[in-house]
Amino acid sequence: MKPGGSGNDVFSRLRRRLTLIFATVALVGLAAFTVMLILLDDAFDSARIDAILRGEASRSAALVYRDSDGRPTGEALDGDHVASQASGLLVVYREGGGYTTLFTKGESIQGDWRHAADECLRDAAEYGTFADIGNLRVAGMPWWLTTEDDKPSGCAFAVTPARSILQTEVAIPAAGGSALILVVLTSLVWWAAGRSLRVASEALADRERFLATAAHEMRGPLARMRAIGETTLDGLAPGQPQTAAGLRVLVSTADRAGRVASNLLLASRIDHAEVPVQRTPVRLDDLACEVETVVDGVVVDVSEPVEVSGDAMLLRQAMTNLVDNAMRHGHREGVPSQVMLSVVRDEGVPVIRVADDGPGFPEGVDVLQPYVAGTGGGNGLGLPLVRWIAERHGAQLWVGDANGRDGLDGAAVEIRFAPDGLSTWQDRRRRRPRP
């Protein structure tokens, strides 16, 4: 149990976190799969387009003939199907130090195609020359004017507009399908997590209801037991010291059990978020004097009125828990407890301080965690509830060593409230004037 949080809220947060983790992992996986699918499709599509362009360029190169003067001509291309089907054709002839255009149709190459033509003329094996020029994909095939020529005489280019990778046929279906799969799987995980955690949530709710009921039912009999013990002790005839001592132990035990029951009841109510803080002016010095009458053996140090805005019931519970914890754990073996409860102002800051002369807090143990109990017993709820109460009042909880202050060398705990006129320590930081 975590003071200040509802059991249902804990499971709701856990459900959201599990779903978010799954959705994140699934999103990364589906995104990687979609990208890989698009890349593969783009590679296959590029290979298909290159094969088509190579065929068109090869057909165009084959239709270059010599005219009656022995010069190359592309007139045969005018009536051929390749000219009508291709997106663009360009046939050039190497003459002198430059190129002469023999035939052109469709898409014109916007850019310098001469480098591609030089590469094409070096392709004597007719593998095909491919290049991206501007916004066009270009494939070139060399052609020879006569069979006796050692080198190609020119080059035939087939062109088509280049396509973006996002223009592949699977891009939109893959992205849409992945998004749909992600939504469906995330919904299924949300539903499955809810069903799986419902059993645990119901079990926790049953536990909290049991604690609340048990604590509530215990308080009445314990109060009556204490009243009977006190009445019997007051009416006890002199000369019965053992009976008087036993009755005092009974009253003390009933007090301590009553405080345990109060802690359990408060803890169960916190789990259900049923503890509103009723802020009214509260005299901390008066509360400390009340605690002195309830817990035997504590020394109260109050030198001036100290008032804060808060809930008197919760602040009294915090003081009682601190004192009870110090009385239980703050003494060495065989030595009576020495506990001091102080209410002071430290530079205008109201402070509740409880110190003892015991061995101090154990090292490596987070005493503010619920159900972390010391060797002296207890249920491990006292200090966690004090921390919750301090947080609800905008105060800071400090846990450490007494360091010889007031003659005590054990553990010390302080609740430091916000300065006068401020509701929380955050307000103090926010309103601090700039230097």
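Each remark here, short or long, concerns the structure printed above.
In this text, all values refer to a predicted model and were calculated from it rather than measured experimentally.

Observations concerning the overall build of the protein
When you go through the protein residue by residue, the secondary structure sums to nine helices and 14 strands. Taking contacts inside the protein between residues at least 6 apart in sequence as the whole, the part at least 24 apart equals 64%. When the accessible surface of the protein is totalled, it reaches about 24,200 Å², and 55% of it is carbon and sulfur.

Some remarks on the pattern of salt bridges
Applying the stated criterion across every chain yields a total of 17 salt bridges. Across the pair Arg-48 and Asp-45 runs a salt bridge whose closest N-O atoms are separated by 2.5 Å. Taken together, the positions of Arg-48 and Asp-45, both in helix α1 (residues 7–62) and three residues apart, correspond to about one turn of that helix. Given the relative accessible area of 43%, Arg-48 is considered partly exposed. Linking Arg-316 and Glu-290 is a salt bridge whose minimum nitrogen-to-oxygen distance equals 2.8 Å. Within this pair, whereas Arg-316 is found in helix α7 (residues 312–329), its partner Glu-290 is found in helix α6 (residues 284–294), the two being separated by 26 residues in sequence. A relative accessible area of 35% places Glu-290 in the partly exposed class. Salt bridges sharing partners connect three or more residues here, namely Asp-346, Arg-353, Arg-405, Glu-414 and Arg-416.

A closer look at α7
In this model, α7 (18 residues) spans 26 Å end to end at C-alpha, consistent with the 26 Å of a helix rising 1.5 Å per residue. Put simply, Asp-311 is the residue that caps the front of α7, since its side-chain oxygen is 3.0 Å from the backbone nitrogen of Met-313.

What about empty space enclosed by the protein?
The full count for this structure, using the stated rule, is one cavity of 30 Å³ or more. The computed volume of the largest cavity comes to approximately 50 Å³. In terms of lining residues, the largest cavity is bounded by Leu-322, Asn-325, Ala-326, Val-354, Asp-356, Phe-361, Ala-411, Ala-412 and Val-413. Looking at the lining of the largest cavity, the elements with two or more residues in it are α7, β12 (349–356) and β14 (411–416).

Overview of a negative patch on the surface
Together, Asp-67, Asp-69, Glu-75 and Asp-78 make up a negatively charged patch on the protein surface. Position of Asp-67 relative to the elements: it lies in the loop between β1 (65–66) and β2 (72–73). Given a relative accessible area of 32%, Asp-67 falls into the partly exposed group.

Considerations on the side chain of Ser-178
Mapped onto the elements of the fold, Ser-178 is located in helix α4 (residues 171–234). Leaving out residues up to four positions away in the same chain, Ser-178 has contacts with Leu-30 and Thr-34.

Some remarks on the packing of α7 against helix α8 (residues 382–392)
Running from N to C, α7 and α8 cross one another at 150°; their axes reach a closest spacing of 9 Å. In terms of crossing hand, the pair formed by α7 and α8 is left-handed. Contacts between α7 and α8 involve Leu-314, Leu-315, Gln-317, Ala-318, Asn-321, Leu-322 and Asn-325 from the first element and Gly-382, Leu-383, Leu-385, Val-386, Trp-388 and Ile-389 from the second. For the contact of α7 with α8, the residue count by class is nine nonpolar, four polar and no charged.

Here's the deal with the packing of aromatic side chains
Across all of its chains, the model carries three aromatic pairs by this definition. On the basis of an interplanar angle of 65° and a centroid distance of 5.7 Å, the ring pair of Tyr-99 and Trp-113 is categorised as edge-to-face. Placement of Tyr-99 in strand β4 (residues 98–106) and of Trp-113 in the loop between β4 and α3 (114–121) is noted, with a sequence separation of 14 residues between them. Look at Trp-113 and you get buried, because its relative accessible area is 12%. An aromatic cluster of three or more residues is present, and its members are Tyr-99, Trp-113 and Phe-157. The ring of Trp-190 carries Arg-15 above its face, with NZ or CZ at 3.9 Å from the centroid.

Describing the sheet that holds strand β9 (residues 298–302)
By definition, the strands of a sheet pair up through backbone hydrogen bonds, in either a parallel or an antiparallel sense. The mixed open sheet is built from five strands, whose spatial order is β9-β11-β12-β14-β13. Two strands in the sheet have a free side with no partner beyond their single neighbour: β9 and β13 (396–401). Strand after strand, the sheet turns through a mean of 15° between neighbouring axes, direction not considered. As defined by bridge partners, strand β11 (residues 339–346) adjoins β12 across eight bridges and the pair is classed as antiparallel. Bridge pairing in β12 places Ser-342 opposite Arg-353. Against the sheet, α6 engages β9, β11 and β12, with an angle of about 160° to β9. Each of β13 and β14 touches α8; the most contacted strand, β13, lies at about 140° to it.

What about the nonpolar core?
Inside soluble globular proteins, nonpolar side chains tend to come together where they are buried. Counting residues in hydrophobic clusters, the biggest one holds 34 residues, and the most contacted among them are Leu-284, Leu-315, Met-319, Val-323, Leu-341, Ile-415 and Phe-417. Elements that contribute at least two residues to this core include exactly α6, β9, α7, β11, β12, α8 and β14. At eight residues, the largest contribution of residues to this core is made by α7. Residues within four places of Leu-341 in sequence aside, it is in contact with Ala-288, Val-291, Val-298, Val-299, Val-300, Asp-301, Met-319, Val-323, Ile-352, Arg-353 and Val-354. In terms of nonpolar packing, the next biggest core, distinct from the first, is built from 19 residues, Val-82, Leu-89, Trp-143 and Ala-158 among them.

Quick notes on the environment of Asp-78
By the element assignment, Asp-78 lies in the loop between β2 and α2 (81–85). Taking C-alpha positions, Asp-78 is 9.2 Å from Lys-105, a pair spaced 27 residues apart along the chain.

Some words on the sheet that holds β4
Read across the open sheet, the five strands follow the order β4-β3-β7-β6-β5; overall the sheet is antiparallel. Single-partner strands in this sheet number two, and they are β4 and β5 (129–133). Between one strand axis and the next, the sheet turns through 25° on average, direction left out of account. In the sheet, strand β3 (residues 88–95) pairs with β4 via eight bridges, with the strands oriented antiparallel. If you follow Leu-90 over to β4, its bridge partner there is Thr-104.

Cut-offs applied
- Along each chain, residues carry numbers from 1 onward, in the same order as the chain's sequence is written.
- Residue-level local features of this predicted model are given only where pLDDT is at least 70; pairs of side-chain atoms are given and counted only at 80 or more, and the full residue set underlies all totals for whole chains, interfaces and linings.
- As a convention, hydrogens and water are excluded, and side-chain values are obtained from all of the structure's heavy atoms.
- Here a strand is any run of E in DSSP of at least two residues, a helix any run of H or I of at least four, and the numbering for each starts at the N terminus.
- Contacts are residue-level and defined by heavy atoms, with any inter-residue pair within 4.5 Å sufficient.
- For the area figures, the Shrake-Rupley method with a 1.4 Å probe applies, and any residue is considered shielded solely by the protein chains shown.
- Salt bridge, as applied in this entry: a Lys or Arg side-chain nitrogen positioned within 4 Å of an Asp or Glu carboxyl oxygen.
- Think of it in three bands: residues with accessible area under 20% of the maximum for their type are buried, residues over 50% are exposed, and the middle band is partly exposed, with areas taken using a 1.4 Å probe on protein chains only.
- Given the number of residues in a helix, its expected span is that number minus one, multiplied by 1.5 Å.
- Here a polar contact is recorded for every N or O atom pair within 3.5 Å, except that within protein the pair must consist of a potential hydrogen donor and a potential acceptor, and residues adjacent in sequence are included only if both atoms are side-chain atoms.
- Cavity and pocket criteria rest on a 1 Å grid covering protein atoms alone: a 1.4 Å probe that fits but cannot get out defines a cavity, protein on both sides within 12 Å along at least 5 of 7 lines defines an open pocket, and an atom within 4 Å of a point defines a lining residue.
- Grid points are joined across faces, edges and corners, and a volume is the space filled by probe spheres set on the points.
- Distance thresholds for patches are 9 Å for like charges and 5 Å for nonpolar side chains (Val, Leu, Ile, Met, Phe, Trp, Tyr), applied to residues having over 30% relative accessible area and no salt bridge.
- Positive residues here are Lys and Arg, negative ones are Asp and Glu, while His and the chain termini are left out of the count.
- Charge coordinates come from a single atom per side chain, which is NZ of Lys, CZ of Arg, CG of Asp or CD of Glu.
- A fitted line through C-alpha atoms represents every axis, and for helices the fit uses only the stretch in contact; the resulting angles, taken between N-to-C directions, go from 0 to 180 degrees.
- Helix crossings fall into two classes, left-handed where the near helix is turned counterclockwise from the far one by less than a right angle and right-handed where it is turned clockwise.
- Side-chain classes follow a simple rule in which Ala, Val, Leu, Ile, Met, Phe, Trp, Tyr, Cys and Pro form the nonpolar group, Asp, Glu, Lys and Arg form the charged group, and the remainder, Gly included, forms the polar group.
- Stacked, tilted and edge-to-face are the three classes assigned to paired rings of Phe, Tyr and Trp, where Trp is represented by its six-membered ring and a pair needs centres within 6.5 Å; plane angles under 30 degrees give stacked, over 60 edge-to-face, the rest tilted.
- Here, a charge over a ring is recorded when the distance from Lys NZ or Arg CZ to the ring centre is within 6 Å and its angle to the ring normal is within 35 degrees.
- When DSSP finds at least two bridges between two strands, those strands are taken to pair.
- As used in this record, nonpolar core signifies buried Ala, Val, Leu, Ile, Met, Phe, Trp, Tyr and Cys residues forming a set joined through side-chain atoms within 4.5 Å.

Nothing here speaks to function; it is geometry throughout.
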